[in-house]
Amino acid sequence: MSSVASCPSGVSALPEGMRLRRMRWWDLPEVSALDGALFRAQAWSLATFWSELAGVDETRHYIVVEQVEQVEQVGGARLVGYGGLLLSAGSADVATLGVAPEARRRGLGRALLQELLGHAALRGVAQVMLEVAVGNAPAIALYRRAGFEVISRRRGYYQPSGEDALIMRARLDRSLVPR
Ligand SMILES: CC(C)(COP(=O)(O)OP(=O)(O)OC[C@H]1O[C@@H](n2cnc3c(N)ncnc32)[C@H](O)[C@@H]1OP(=O)(O)O)[C@@H](O)C(=O)NCCC(=O)NCCS
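Notes on the structure in this doc start here. Everything numeric in this text was worked out from a predicted model, so none of it was measured.

With respect to the element layout, Arg169 can be found in strand E8 (residues 165-172). It is Glu149 that comes nearest to the buried, bridge-free Arg169 among opposite-charge side chains, at 4.5 Å. Contacts of Arg169, omitting those with residues within four sequence positions, involve Gln127, Val128, Met129, Gly147, Phe148, Glu149 and Ile151.

Below, the structure is given as structure tokens:
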């Protein structure tokens, strides 16, 4: 039997001092730097982030988590996580998701993912897909806990490493979305 992802009405509980909000163009240098550090050869270029954000409409949802204390004390945001969702008819894809190493295991990845799932559910999407490297145990654990299951495997999907990708899917329970 396939599992069903829960669909929160919005942001799940964040650790104190953290704020989740929509990604803006002025976030892009910081987002791109974090993405480069996390994904290296698979990182998106700054130009890709720009074009994704420029195309933000009903087909895209990009978000960040920032550390609020840093905003107040230093006068500038310090982004510690980001995520993005692409929507198409009846389906959506988690396009990207990342949390800075020093901010991990505090629930930020879960909060970002739940916000993306909640947004997809509010948009009437029945299922959300993603791909993840077979060796990425933390991400696979996060996705499984959120209700995703493996539906197929793409051999040699990631280049230049040649690592396989798992394709995962979560069916959304729209009855959990407030009307
Ligand atoms: C995957 C990633 C986003 C998780 O972010 P995070 O903020 O550390 O995750 P959370 O603290 O919200 O963890 C939620 C759950 O995911 C699972 N999980 C997260 N990291 C884990 C790890 N290192 N080992 C095992 N399980 C893990 C756990 O079930 C965890 O719940 P718990 O802490 O109550 O046990 C983060 O490790 C990351 O950015 N990795 C590099 C980028 C990446 O791989 N992105 C995904 C690409 S597909």
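Text resumes after the structure shown.
The volume enclosed by the largest pocket comes to roughly 1,300 Å³. Lining the largest pocket are 37 residues, with Leu97, Asn136, Ala139, Leu142 and Tyr143 sitting closest to its centre. Every element with two or more residues in the lining of the largest pocket is listed here: helix H1 (28-39), strand E5 (91-99), helix H4 (108-122), strand E6 (127-133) and helix H5 (137-145). The greatest single-element share of the lining of the largest pocket, amounting to seven residues, is contributed by E5. Here the residues of the lining of the largest pocket sort into 21 nonpolar, seven polar and nine charged.

Before going further, it helps to examine helix H2 (residues 46-54). When we look at burial in H2, the residues that qualify are Phe49, Glu52 and Leu53. Seen along its axis, H2 keeps its buried residues to an arc of 95 degrees; they face one direction. In this structure, H2 carries Ala47 and Ala54 as exposed residues pointing more than 90 degrees from its buried face. Contacts from the buried residues of H2 go to H1, strand E3 (60-67) and strand E4 (79-88).

Viewed as axis vectors pointing N to C, H4 and H5 meet at an angle of 50 degrees, and their least axial separation amounts to 10 Å. Here H4 is positioned oblique relative to H5, judged by the angle of their axes. Pair H4 / H5 crosses with right-handed handedness. Taken together, the residues of H5 that come into contact with H4 (itself represented by Gly109, Arg110 and Leu113) are Leu142, Tyr143 and Arg145. By residue class, the composition of the contact of H4 with H5 is three nonpolar, one polar and two charged.

Attention shifts here to the environment of His119. Mapped onto the elements, His119 comes out in helix H4. By relative accessible area, His119 is classed as buried at 15%. Taking the C-alpha atoms as reference points, His119 and Ala92, separated by 27 residues in sequence, lie 10.0 Å from one another. Here His119 is in contact with Arg22, His61, Leu85 and Leu87, once residues within four sequence places are set aside.

Criteria and thresholds
- Note on numbering: residues in each chain are counted from 1, in written sequence order.
- pLDDT decides what is reported in this predicted model: residues at 70 or higher carry local features, side-chain atom pairs at 80 or more are listed and counted, and totals for whole chains, interfaces and linings draw on all residues regardless.
- The basis for the side-chain values is all heavy atoms of the structure; hydrogens and waters are excluded.
- Helix numbering and strand numbering both begin at the N terminus, where a helix is a DSSP run of H or I of at least 4 residues and a strand a DSSP run of E of at least 2.
- Exposed residues in this analysis have more than 50% of their type's maximum accessible area, buried residues have under 20%, and partly exposed residues fall in between, with area computed by a 1.4 Å probe over protein chains only.
- His is not counted, nor are the chain ends; Lys and Arg add positive charge and Asp and Glu add negative charge.
- For this analysis, a salt bridge means a side-chain nitrogen from Lys or Arg found within 4 Å of a carboxyl oxygen belonging to Asp or Glu.
- Here, two residues are considered to be in contact whenever any of their heavy atoms come within 4.5 Å of each other.
- A pocket, in this scheme, is an open set of points on a 1 Å grid over the protein atoms alone with protein on both sides within 12 Å along at least 5 of 7 lines, while a cavity is a set where a 1.4 Å probe fits but cannot get out; residues line either one if an atom lies within 4 Å of a point.
- Grid points are joined across faces, edges and corners, and a volume is the space filled by probe spheres set on the points.
- In the scheme used here, Gly and all other residues not listed as nonpolar or charged are polar, with Ala, Val, Leu, Ile, Met, Phe, Trp, Tyr, Cys and Pro taken as nonpolar and Asp, Glu, Lys and Arg as charged.
- Comment: arc refers to directions from the helix axis out to C-beta atoms.
- Helix axes use the C-alpha atoms of the stretch in contact, all axes being lines fitted to C-alpha atoms, and the angles between their N-to-C directions lie in the range 0 to 180 degrees.
- Angles are sorted into four bins: roughly parallel if under 35 degrees, roughly antiparallel if over 145, roughly perpendicular if 65 to 115, and oblique for all others.
- For a crossing to be left-handed, the near helix must be turned anticlockwise from the far one by less than a right angle; the clockwise case is right-handed.

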